[in-house]
Amino acid sequence: MTEHANGKVLVDHDGPVTIVSINRPQVKNACDVETVQTLHDVFAAFEADDEARVAILTGAQGAFCAGADLAELASGSSLHFCWAGKDRGATRRRLSKPVIAAVEGYAVAAGLALAVWCDLRVAAATAVFGVFCRRFGGPMPNGCTVRLPRIVGESRALDMLMTGRPVDADEAKLIGLADRLVPAGEALAAATELARQLAGFPQTAMLSDRASTISQWDYEEEEAIDREIAGAQPAMKGHFQSGAGSFVDGAGRHGAFE
């Protein structure tokens, strides 16, 4: 495990899986600017690492992320920094490889933005999502107002964004905000198991489908389909033929994945 920003961010490698942990438990892993920019940097390193296939984002000691560091905000020193900004904002853009959020405890305010920046969310029974900054006049310039409605729908997103109410793990699973629900304390283990599964698949096809799914919002339907077809060609010409042959020979039948 390596420490970054004086231990505020921890990075561990488990084969093709990279685990990134926010490590500020004294403030429920609320992030100051240094932490956010460090998250940007470690995920950029993950993306550039050819051996790394899937990343997990989590928080230390029972909390995912309680948003921005309010003491730093109150001082005025971070008012002009945006988590989705171009100055090493961690939620500025999606990566070219999957990221899974392992959520225990609070994923609120900008912490919710981090959660919806990830591809998938594995939530423990203790997980709580919400726009808690609504209570003291904080906006969400962190990608959340764009990504949240794409995940849960506009009406549910507006309910969360305008009221700031807490959404527990059961409701999060019901509305599609959480993809997997696990007992308390098991989010990271379940996310790691999921990450290993994704890392074990032939990557070209999975990544082309992922890229098309993410980018299709930007195009009219017919153009999005054309781009989907074009993006699938490397996989069609690569692993798919040999994979189809393996299935014909009996591998992978009845839902058995290797």
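See the structure printed just above.
Given the structure is predicted, the values throughout are model-derived calculations rather than measurements.

Undergrad: I'd like to hear about the sheet that holds strand E8 (residues 128-130), residue by residue, with values.
TA: Read across the open sheet, the three strands follow the order E6-E8-E9; overall the sheet is mixed. Of all strands in the sheet, those bounded by a partner on one side alone are strand E6 (106-108) and strand E9 (167-168). The strands touched by helix H3 (residues 110-117) are E6 and E8; relative to E6, the strand with the most contacts, the crossing angle is about 95°.

Undergrad: I'd like a rundown of the packing of aromatic side chains, residues and numbers included.
TA: Going through the model one piece at a time under the given rule, you end up with two aromatic pairs. A centroid spacing of 5.0 Å and a plane angle of 70° characterise the contact between Phe43 and Trp117, whose relative ring orientation is edge-to-face. You can see Phe43 sitting in helix H1 (residues 33-48) and its partner Trp117 sitting in helix H3, a full 74 residues away along the chain. With 6.0 Å between their ring centres and 65° between their planes, Tyr106 and Phe132 make a pair best called edge-to-face. Highlighted residues: Tyr106 in strand E6 and Phe132 in the loop between E8 and helix H4 (144-152), separated in sequence by 26 residues. On the basis of relative accessible area, Phe132 is assigned to the buried category, the value being 15%. Its guanidinium or amino end placed over the ring of Phe46, Lys97 lies 4.6 Å from that ring's centre, counting from NZ or CZ. Looking at Arg135, its charged tip hangs above the ring of Phe132, at a distance of 4.1 Å from the centre.

Undergrad: Can you break down the sheet that holds strand E7 (residues 120-124) residue by residue, with the values?
TA: In space, the seven strands of this open sheet follow the order E1-E2-E3-E4-E5-E7-E10, with mixed pairing throughout. Two strands close off the open sheet at either side, each with one partner strand: strand E1 (2-4) and strand E10 (180-182). Across the sheet, the axes of successive neighbouring strands diverge by a mean angle of 20°, strand direction being ignored. Sheet topology places strand E2 (residues 9-14) next to strand E3 (residues 17-22); six bridges connect them, and they run antiparallel. Bridging from a neighbouring strand, His13 pairs with Thr18 of E3.

Undergrad: Could you give me a rundown of unusual backbone geometry, with the residues and numbers involved?
TA: Peptide bonds are mostly trans, and most non-glycine residues show a negative phi. Positive phi outside glycine occurs at Ala5, with the angle close to 55°. Relative to the helices and strands, Ala5 is located in the loop between E1 and E2. A relative accessible area of 17% means that Ala5 is categorised as buried. Backbone geometry at Asn29 places phi at a positive 65°, although glycine is not the residue there. A relative accessible area of 0% places Asn29 in the buried class.

Quick notes on the rules
- Residues numbered from 1 in each chain as written.
- Predicted model: local features only at pLDDT ≥ 70, side-chain atom pairs only at ≥ 80, totals over all residues.
- Heavy atoms only, no water.
- Pairing = 2+ DSSP bridges.
- Helix = DSSP H or I, 4+ residues; strand = E, 2+ residues; numbered from the N terminus.
- Contact = heavy atoms within 4.5 Å.
- Axes fitted to C-alpha atoms, helices over the stretch in contact; angles between N-to-C directions.
- Phe/Tyr/Trp six-rings, centres within 6.5 Å; stacked < 30°, edge-to-face > 60°.
- Buried < 20%, exposed > 50% of the residue type's maximum accessible area, 1.4 Å probe, protein only.
- Lys NZ or Arg CZ within 6 Å of the ring centre and 35° of its normal.

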